[in-house]
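# An overview of the molecular structure
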Amino acid sequence: MTKMKQAILYTRVSTSEQGRTGLGLDAQNAALDRFCAAEGFAVVERFEEVGSGGLGLEGRPALANALAKAARLKCSVIVSKLDRLSRDVAFISGLMARGVPFIVAELGSDVDPFVLHLFAALGQKERQLISQRTKDALAPKVGTGQLGNKTNLADAQALGATGNKAASAAFSARVLPMISGLRTSMNSNAIAKHLNAMNVPTMRGGRWTATAIARVLHRTPASNDD
């Protein structure tokens, strides 16, 4: 009988996220339980935290305790999504440098640290682009009394769409060299299978398809299916 691998589970919500669908502690634990059962992990202990992902390790005692225990047991810390650790790439890099392996259930158990770091960096850059585009678009309206006016809902939605397009274009530009290199010897279906086998995520953390590959090659925004 194959011996089960030990693992520490870590879940986190910020105060504002506690009631949001898909981000609650119960939802994270359910996803982690399914993952551990499918991948053969034995849960040693669970650490739960309510606090901002922007805090340093000193402000997140549950994460610090999870790291310490995982280091003693020489096992992995498993989270449901990468942003449960942090949305800051420097913070995630610092955690990885401690030598405790992290597994993101959403991405799979065989994703190496480089891919996790890449995914964190892409996510941070996309959020920065969306934020800056929104600020730039809102700047002319400051002091005019238009901000906060419910009649401007369509304008706000349009700004959000503009930010999403910018993020999609930025993501496409970053993965284009990899895809272009593979294109010399593979078609779009083969490239998609190759990226999925490497556990390289799409912009929204999904799996690649030939359509998604074509979209990147033409640098058009990704659909919600990605």
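Read on for an overview of the structure.

Analysis parameters
- Residues numbered from 1 in each chain as written.
- Predicted model: local features only at pLDDT ≥ 70, side-chain atom pairs only at ≥ 80, totals over all residues.
- Heavy atoms only, no water.
- Helix = DSSP H or I, 4+ residues; strand = E, 2+ residues; numbered from the N terminus.
- Buried < 20%, exposed > 50% of the residue type's maximum accessible area, 1.4 Å probe, protein only.
- Contact = heavy atoms within 4.5 Å.
- Phe/Tyr/Trp six-rings, centres within 6.5 Å; stacked < 30°, edge-to-face > 60°.
- Core = buried A, V, L, I, M, F, W, Y, C linked by side-chain atoms within 4.5 Å.
- Salt bridge = Lys/Arg side-chain N within 4 Å of Asp/Glu carboxyl O.
- Arc of directions from axis to C-beta.
- Polar contact = N/O pair within 3.5 Å; in protein donor to acceptor, adjacent residues only side chain to side chain.
- Pairing = 2+ DSSP bridges.
- Axes fitted to C-alpha atoms, helices over the stretch in contact; angles between N-to-C directions.

### Regarding the environment of K5
Mapping K5 onto the fold places it in strand β1 (residues 5-13). Given the relative accessible area of 40%, K5 is considered partly exposed. Along the primary structure K5 and S76 are separated by 71 residues, whereas in three dimensions their C-alpha atoms are 8.9 Å apart. Apart from residues lying up to four places away in sequence, K5 is in contact with E39, G40, F41 and A42.

### Some remarks on the packing of aromatic side chains
In this description, a pair of aromatic rings is defined by centroid distance and the angle of the planes. Under the criterion given, the structure shown has one aromatic pair. When the ring of F35 is compared with that of F41, the centres are 6.1 Å apart and the planes differ by 15°; the resulting orientation is stacked.

### Remarks on the nonpolar core
Membership of the largest hydrophobic core comes to 22 residues, with the highest contact counts inside it found for I8, Y10, L63, L67, V77, L85 and L95. Contributions of two or more residues to this core are made by β1, α2 (61-73), β3 (76-79), α3 (89-96) and β4 (102-104). If one sorts the elements of this core by residue count, α2 sits on top with five residues. Ignoring any residue separated from it by four or fewer positions in sequence, one finds I8 in contact with V44, E45, F47, A66, K69, A70, L73, C75, S76, V77 and I78. L182, L195, I213 and V216 belong to the second largest nonpolar core, which has 14 residues in total.

### Overview of the pattern of salt bridges
Opposite charge on two side chains permits pairing when their charged atoms draw close. Across all of its chains, the model carries five salt bridges by this definition. When the shortest N-O distance is used, the salt bridge between D33 and R46 registers 2.5 Å. Of this pair, D33 sits in helix α1 (residues 25-39) while R46 sits in strand β2 (residues 41-50), and the two are 13 residues apart along the sequence. What makes R46 partly exposed here is its relative accessible area of 37%.

### Topic: unusual backbone geometry
A positive phi angle, near 55°, is found at K74, a position not held by glycine. Structurally, K74 can be placed in the loop between α2 and β3.

### A few points about helix α6 (residues 188-197)
Listing the buried residues of α6 in full gives I191, A192, L195 and N196. For α6, the angular spread of buried residues about the axis comes to 130°, placing them on one side. What points out from α6, more than 90 degrees from its buried face, is the exposed set K193 and A197. Between the side-chain oxygen of the N-cap and the backbone nitrogen of N189 there are 3.2 Å, and the N-cap of α6 in question is N187.

### A few points about the sheet that holds β2
Hydrogen bonds between backbone groups are what pair the strands of a sheet, and the pairing can be parallel or antiparallel. Overall, parallel pairing links the four strands, which are arranged β2-β1-β3-β4 in an open sheet. Lying at the two open borders of the sheet, with one neighbouring strand each, are β2 and β4. The average undirected angle you get between the axes of adjacent strands in this sheet is 30°. Pairing of β1 with β2, which is carried by nine bridges, proceeds in the parallel orientation. The residue of β2 that forms the bridge with I8 is E45. Against the sheet, α1 engages β1, β2, β3 and β4, with an angle of about 160° to β1.

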